[in-house]
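# Observations on the model geometry
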Amino acid sequence: MSTEEGAEQTPVPAAALLRVITPHTSPEEVAAIVAVISALGGGEPAPKPPRSEWAHPARAARTSLVRSLPHGRGAWRSSGLPR
């Protein structure tokens, strides 16, 4: 057994995420800043917005429940006429 395998890993301290550079800052002010920053986010990611029905692939399919689309000779002209 080598010394590397038997030795426990010592945790590396994390770098400071917040550094106060004002010398006259009170602990209450630091706590208020930390509370505001922690309330801003970092929780769950925002939910995806709902998919627009205008972009739905089913809109590409042309169907009519009442009548079939005109077809054949003169179909383009008759498609605009009232029924």
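Keep in mind that this is a model prediction, so the values were computed, not measured. (Residues numbered from 1 in each chain as written. Predicted model: local features only at pLDDT ≥ 70, side-chain atom pairs only at ≥ 80, totals over all residues. Heavy atoms only, no water.)

### A short note on the overall build of the protein
In plain terms, the rule: Only DSSP runs of H or I with at least four residues qualify as helices, and only runs of E with at least two residues qualify as strands; both kinds are numbered from the N terminus onward. Exposure is judged per residue with a 1.4 Å probe applied to protein chains only, and the accessible area is read against the type maximum: over 50% gives exposed, under 20% gives buried, and values in between give partly exposed.
In terms of helices and strands, the protein carries 3 helices and 0 strands. Start at the N end of the protein and walk to the C end: the helices and strands fall as α-α-α. By residue count, 1% of the 83 residues in the protein fall in the buried class.

### Quick word on a nonpolar patch on the surface
Our working rule: For patch building, the residue pool is restricted to those with more than 30% relative accessible area and no salt bridge; the joining distance is 9 Å between like charges and 5 Å between nonpolar side chains (Val, Leu, Ile, Met, Phe, Trp, Tyr). The accessible surface values rely on the Shrake-Rupley method and a 1.4 Å probe; as for residues, cover is taken only from the protein chains in view. For this analysis, a salt bridge means a side-chain nitrogen from Lys or Arg found within 4 Å of a carboxyl oxygen belonging to Asp or Glu.
Residues Leu-17, Leu-18, Val-20, Ile-33, Val-34, Val-36, Ile-37 and Leu-40 make up a contiguous nonpolar surface patch of roughly 800 Å² in combined accessible area. Of note, Val-34 is situated in helix α2 (residues 27–40).

### Comments concerning α2
Defined as follows: Helix span, as expected, comes to 1.5 Å for every residue beyond the first.
In this model α2 runs 20 Å from its N-terminal to its C-terminal C-alpha over 14 residues, within 8% of the 20 Å that 1.5 Å per residue would give. Gly-42 lies just past α2 and shows a positive phi near 95°.

### Examining the confidence of the model for the protein
Stated formally: Residue-level confidence of the predictor is what pLDDT reports, using numbers from 0 through 100.
Overall, the prediction assigns the protein a mean pLDDT of 75, with 77% of residues at 70 or greater. Predicted confidence in the protein is weakest over helix α1 (residues 3–6), with a mean pLDDT of 55, and strongest over α2, with 87.

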